[in-house]
Amino acid sequence: MPAGTQIAFSNHFLHYEPSAHPDPERFDPARWEPNRTSTSQRDAYVPFGIGARKCIGDRFAYTEAVLTIATVTNRWHWKAAPGNQPEPRARLTLRPQDLRMIMKRRTP
């Protein structure tokens, strides 16, 4: 491709590419542990874009997400509701169409 060529890609399809992410349909947070993740896998995960059009708020968003998840999961146990089959819904971001959860307060 000539220098200066702009390329568009779907990070959704990239994140489900089996050659970059083995068994991409399975929820496995441990896949990102340093001893299980190759550089090519980390480079193929681009939730905030890449290059000149990368989101300028990506570091803030990561920090906010980690703090929110840590706070909520520290106080509540989350479990998918029986029979729940969420479907992806494409909007500005990809999110589940109908994600029903059962929350139980954690006891100290």
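Here, every reference points to the structure presented above.
Residues numbered from 1 in each chain as written. Predicted model: local features only at pLDDT ≥ 70, side-chain atom pairs only at ≥ 80, totals over all residues. Heavy atoms only, no water.

A.B. asks: What is the right way to look at a nonpolar patch on the surface in this model?
C.D. replies: A cluster of nonpolar side chains, Trp78, Leu99, Met101 and Met103, forms an exposed patch at the surface whose accessible area comes to about 370 Å². Secondary-structure assignment places Met101 in strand 4 (residues 101–105). Owing to a relative accessible area of 34%, Met101 belongs among the partly exposed residues under this scheme. (Patch = residues over 30% accessible without salt bridge, like charges linked within 9 Å, V, L, I, M, F, W, Y side chains within 5 Å. Areas by Shrake-Rupley, 256 points an atom, 1.4 Å probe, with all protein chains shown as cover. Salt bridge = Lys/Arg side-chain N within 4 Å of Asp/Glu carboxyl O. Helix = DSSP H or I, 4+ residues; strand = E, 2+ residues; numbered from the N terminus. Buried < 20%, exposed > 50% of the residue type's maximum accessible area, 1.4 Å probe, protein only.)

A.B. asks: What exactly am I supposed to notice about the environment of Thr73 here?
C.D. replies: Considering the arrangement of structural elements, one finds Thr73 in helix 3 (residues 58–75). Among the residues examined, Thr73 registers a relative accessible area of 37% and is labelled partly exposed. In sequence terms Thr73 and Arg105 are 32 residues apart; their C-alpha atoms lie 9.5 Å from each other. At 2.7 Å, the side chain of Thr73 and the backbone oxygen of Ile69 are in polar contact. (Polar contact = N/O pair within 3.5 Å; in protein donor to acceptor, adjacent residues only side chain to side chain.)

A.B. asks: I tried to follow the packing of aromatic side chains on my own but got confused; where do I start?
C.D. replies: Describing an aromatic ring pair means giving the distance of the ring centres and the angle of the ring planes. Summed over the entire model, instances satisfying the criterion amount to one aromatic pair. Consider the rings of Phe48 and Tyr62, whose centres lie 5.2 Å apart with planes at 70°: the pair is edge-to-face. Taken together, the positions of Phe48 in the loop between helix 2 (39–43) and helix 3 and Tyr62 in helix 3 put the pair 14 residues apart, joining distant regions of the chain. For Tyr62, a relative accessible area of 32% corresponds to the partly exposed category. (Phe/Tyr/Trp six-rings, centres within 6.5 Å; stacked < 30°, edge-to-face > 60°.)

A.B. asks: Help me understand the side chain of Arg31, please; the structure alone is not making it clear to me.
C.D. replies: By secondary structure assignment, the location of Arg31 is in the loop between helix 1 (11–15) and helix 2. This buried residue, Arg31, is left without a salt bridge; Asp28 holds the nearest opposite charge, at 4.9 Å. Within the structure, the side chain of Arg31 is placed 2.9 Å from the backbone oxygen of Pro22, a separation counted as a polar contact. A polar contact is formed between the side chain of Arg31 and the backbone oxygen of Asp23, at a distance of 3.3 Å. Arg31 has contacts with His21, Pro22, Asp23, Pro24, Arg26, Arg36 and Thr37, leaving out every residue within four places of it along the chain. (Lys, Arg positive; Asp, Glu negative; His and termini not counted. Contact = heavy atoms within 4.5 Å.)

A.B. asks: Is there a simple way to explain unusual backbone geometry in this structure?
C.D. replies: The bulk of non-glycine residues show a negative phi, and the bulk of peptide bonds are trans. The phi dihedral of Asp23 is positive, around 50°, even though this residue is not glycine. Summarising the element assignment, Asp23 is placed in the loop between helix 1 and helix 2. Residue classification places Asp23 among the partly exposed positions, given a relative accessible area of 42%.

A.B. asks: Honestly, the pattern of salt bridges in this entry has me stumped. Any pointers?
C.D. replies: For side chains bearing opposite charge, pairing can occur when the charged atoms are close. Counting across every chain of the model gives five salt bridges. Put simply, Asp23 and Arg26 hold a salt bridge, and the shortest N to O gap is 2.8 Å. Here Arg26 falls in the partly exposed class, since its relative accessible area comes to 43%. Put simply, Asp98 and Arg100 hold a salt bridge, and the shortest N to O gap is 3.2 Å. Residue Arg100 is classed as exposed on the basis of its relative accessible area of 53%. Each member of the salt-bridge network shares a partner with another, and the members are Asp23, Arg26, Asp28 and Arg36.

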